[in-house]
Amino acid sequence: MKRRDFIRTSLLATAGTMMIPQFLKAHEAGISADPNGKILVVIQLSGGNDGLNTVIPYRNDIYYRERPVLAIEKEKILTLNDEIALNPALESLRRLYDDGRVRILNNVGYPNPDRSHFRSMDIWQTASNADQYLNTGWLGRYLDSTCAGCEIKPHHMLEIDDTLSLAMKGSKANGLAMLDPQKLYRQTKNGMAGNLAKTIHHSEDDHDQVSYLYKTLADTESSADYLYQKGQVKGSYSDYPDTELGKSLKTITELIVSGVDTQVYYVSLSGFDTHVGQRNQQDKLLKQYADAVSVFVDDLKKQGQLDRTMIMTFSEFGRRVKQNGSNGTDHGTANNVFLIGGPPRGSLVYNEAPNLVDLDGGDLRYTLDFRDLYSSLLKDWLNADDVAVLGKSFSGLQGLV
């Protein structure tokens, strides 16, 4: 097989026939495996979830004035304190809050917010400034920064999806995207990788692209073997919701309980771009989210894994304060973030409710920079060098993690 054919075949394998996800090679050195180490699970609500109808400032008359159709009726809300309540679709999350495992952050954003889905998601995933374009994600750089002579494999960071998010890509190391360990294992055992390895072994052309593809296949096959063998011990017996998020969180539970040396998991729930007829669509998605996370947390708790697992939920931006003419909301700015899990310390609403008087052209002003949140997660939860990962020092959020 000639080099051109090899590359074409390899790309075909990664893009379609083998259905191997969009993985990339790992670095030769990396994080040390600690079966009892801290775990971070990131849940991305894609599309720009409406934070004001998620965590509701129910004492503020402006909320009801600006949303005559969309505002959640006071008799239906789930009250948390004198100012804040949850959407009734989050009943399962309210139970976790009462159990002391939920922390809610309001008004999380960044200076000069961008209202484009793609650009704002890139900013959140790379932890960049609004005018800065980076090719690596904050979690990928976390993996880079922890490389200190120890071996790394792609499965040290896993995204339960068929593509790898920018957040998981570093300059030296990357995570691995997959939907299911058994499926990934079968895909890598169809002989394609072995045949390609023989081809490159006998080829005189040592082109970087070929070496890169071969290394990618080898790393993926190695991780697939590892995850498959570890996954033989089923780690979850809970009844998860029959939703994509429920299935993904069940997979994560099984991997955690089986003892894989993965420190970061990433999963997404899409559909939150609610320009038209928001109430039913958002309520349905919020219920899917809360019900799946509730079972996930209960399962981890039963199996002694919750104290070392932190779940962060974010969306790329919130929605405008005023509803639009289609009973929906348009792209906004600051939003709320949920932190769930870790040692039991009592639930709390971390900061003030959104200020609906002092707006920025109809949008919420941010009061917490999301990179301060990242700084705390990196430094206080993952025990990482937050300055090295984020590129500069952020003060962090005291008493959060």
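What counts, and where the lines are drawn
Residues numbered from 1 in each chain as written. Predicted model: local features only at pLDDT ≥ 70, side-chain atom pairs only at ≥ 80, totals over all residues. Heavy atoms only, no water. Core = buried A, V, L, I, M, F, W, Y, C linked by side-chain atoms within 4.5 Å. Buried < 20%, exposed > 50% of the residue type's maximum accessible area, 1.4 Å probe, protein only. Contact = heavy atoms within 4.5 Å. Helix = DSSP H or I, 4+ residues; strand = E, 2+ residues; numbered from the N terminus. Pairing = 2+ DSSP bridges.

**Q** Got a minute to help me understand the nonpolar core in this structure?
**A** Soluble, globular proteins show a tendency: their nonpolar side chains are buried together. Counting residues in hydrophobic clusters, the biggest one holds 50 residues, and the most contacted among them are Ile43, Leu93, Leu249, Tyr265, Tyr289 and Ile340. Those residues in contact with Tyr265, other than ones at most four positions away along the chain, are Ile39, Leu40, Val41, Val42, Leu158, Ile252, Leu255, Ile256 and Val260. Residues Leu164, Ala167, Leu382 and Leu390 belong to the second largest nonpolar core, which totals 42 residues.

**Q** Honestly, the side chain of Thr126 in this entry has me stumped. Any pointers?
**A** Turning to its location among the elements, Thr126 is positioned in helix α4 (residues 117–126). On the basis of relative accessibility, which here comes to 1%, the residue Thr126 falls in the buried class. For Thr126, the contacting residues outside a window of four places in its chain are Leu134, Thr136, Gly137, Trp138, Arg141 and Leu166.

**Q** In this structure, what is going on with the sheet that holds strand β3 (residues 78–79)? I would like to understand it.
**A** Pairing between sheet strands relies on hydrogen bonds along the backbone, with the strands arranged either parallel or antiparallel. As summarised here, the arrangement of the three strands in space is β2-β4-β3, forming an open sheet in which the pairing is antiparallel. With one partner strand each, in any of the chains shown, β2 (55–57) and β3 form the two edges of the open sheet. Alignment of β3 against strand β4 (residues 84–86), held across two bridges, turns out to be antiparallel. Its bridge partner being in β4, Leu78 is matched across the sheet by Leu86.

**Q** Where do I start with α4 in this structure?
**A** Each full turn of the α-helix corresponds to 3.6 residues, which orients residues three or four apart in the same direction. Counting buried positions along α4 yields eight of 10 residues, so the element is predominantly enclosed. Within α4 the residues assigned to the buried category are His117, Arg119, Ser120, Met121, Ile123, Trp124, Gln125 and Thr126. Two residues or fewer past α4, Ala127 is found with a positive phi of approximately 60°.

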